[in-house]
Amino acid sequence: MTRLTSSRAKLFVLSGPSGVGKTTLAQAVIDGDDELQRAITHTSRTPRSGEVDGLHYHFVSEPRFLEMKANQEFLESVHIFGSYYGTSQAAVQKSLDQNIDTMLIIDFQGAKNVRRLMQNVRSIFVLPPSIDALQRRLLDRAETDDETLQSRIKKARFEMSQYTDYDFVIVNDSFDDTVEQLHEIVECVRSNRELETGPTEAEIASILRH
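How each quantity is defined
- Residues numbered from 1 in each chain as written.
- Predicted model: local features only at pLDDT ≥ 70, side-chain atom pairs only at ≥ 80, totals over all residues.
- Heavy atoms only, no water.
- Helix = DSSP H or I, 4+ residues; strand = E, 2+ residues; numbered from the N terminus.
- Rg over C-alpha atoms; globule rule 2.2 N^0.38 Å.
- Buried < 20%, exposed > 50% of the residue type's maximum accessible area, 1.4 Å probe, protein only.
- Areas by Shrake-Rupley, 256 points an atom, 1.4 Å probe, with all protein chains shown as cover.
- Lys, Arg positive; Asp, Glu negative; His and termini not counted.
- Charge placed at Lys NZ, Arg CZ, Asp CG, Glu CD.
- Pairing = 2+ DSSP bridges.
- Axes fitted to C-alpha atoms, helices over the stretch in contact; angles between N-to-C directions.
- Salt bridge = Lys/Arg side-chain N within 4 Å of Asp/Glu carboxyl O.

Regarding its fold elements, the protein chain presents 8 helices and 9 strands. Since a compact globule built from 210 residues should have a radius of gyration of about 17 Å, the 17 Å found for the protein chain is in line with a globular shape. Viewed in the frame of its principal axes, the protein chain has a C-alpha envelope of about 45 × 40 × 30 Å. Out of the 210 residues in the protein chain, the part that is buried amounts to 47%. Of the roughly 10900 Å² that the protein chain leaves accessible, carbon and sulfur atoms contribute 45%. Counting 24 positive and 32 negative side-chain charges, the protein chain places the averaged centre of each group 5 Å from the other.

Right, here's the structure in full:
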């Protein structure tokens, strides 16, 4: 795989457990920012209700995904809950070449790979206000199969423990407030300013315990 080079454009990595709302948060920030775009992930899973190909994901067949992976077309990829997800290297490189700030919405494993390949990546981890709140959000998706739900919660607990690898941590408690925090992070990175707010270690520890 060719090593990507960054330009003046900023590359943001946004991660968090399934159901925490990271995609919705990112889209809300992007919709209000003409200088920021999202790298659309490829996936082999079927679309959920309301999802649009090319807007939420690039939906491809599993054989097509594996072909792309074999051709080293992905900057990062992962197999999770029976489906494949991957970020197109060409799409990210095109954005950087055009000096467009870009946000990747990927899991912690993909984030590690991006940080390994790229310089000056700024990473953001989204936590739920509690495990109970995350479980309710997953139930709202109609993912009511108990075995699947418990598998996702177990994985979420592990993913949440990886927050220390990230530059910024935000808690998605109030959606509007969290969107504002995410926008503030983007602006602070652009202007090379320190972020003055964020959850305390005690607050994070409380979330991880419950």
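Before going further, it helps to spend a moment on unusual backbone geometry. Of note, glutamine 72 is a non-glycine position whose phi angle comes to about 55°, a positive value. Its identity is not glycine, yet asparagine 99 carries a phi of approximately 60°, on the positive side. As for its placement among the helices and strands, asparagine 99 is situated in the loop between helix 3 (89-97) and strand 7 (101-105).

In spatial order, the strands read 4-3-6-5; together these 4 strands make up an open sheet with mixed pairing. Edge positions in the sheet fall to strand 4 (58-59) and strand 5 (74-80), since each of these pairs with one other strand and no more. In terms of strand pairing, strand 5 meets strand 6 (residues 83-88) through 6 bridges, oriented antiparallel. Each bridged residue has a counterpart across the sheet, and for serine 77 the counterpart in strand 6 is glycine 86.

The next point concerns the sheet that holds strand 7. Pairing is parallel across the open sheet formed by 5 strands, whose spatial order is 2-7-1-8-9. The open sheet has two free edges, formed respectively by strand 2 (36-38) and strand 9 (168-171), since each of these has just one partner strand. Neighbouring strand axes in the sheet, compared pairwise and without regard to direction, differ in orientation by 25° on average. Here strand 1 (residues 11-15) runs beside strand 7; their pairing, made up of 4 bridges, is parallel.

What follows deals with the pattern of salt bridges. Using the criterion set out here, one finds 8 salt bridges in the structure. Ionic pairing is found between arginine 190 and aspartate 101, a salt bridge with its closest N-O pair at 2.7 Å. One end of the pair, arginine 190, is in helix 7 (residues 175-191); the other, aspartate 101, is in strand 7, with 89 residues separating them in the sequence. Taking relative accessible area as the criterion, aspartate 101 reaches 8% and is therefore assigned buried. Residue aspartate 167 pairs with arginine 122 through a salt bridge whose shortest N-O separation is 3.4 Å. Taken together, the residues span a long stretch of sequence, with aspartate 167 in the loop between helix 6 (146-160) and strand 9 and arginine 122 in strand 8 (residues 121-127) at a distance of 45 residues. Given a relative accessible area of 40%, aspartate 167 falls into the partly exposed group. When salt bridges that share partners are traced, they join Asp33, Asp101, Glu187 and Arg190 into one network.

Honestly, that's just the spatial picture; any functional story needs more than this.
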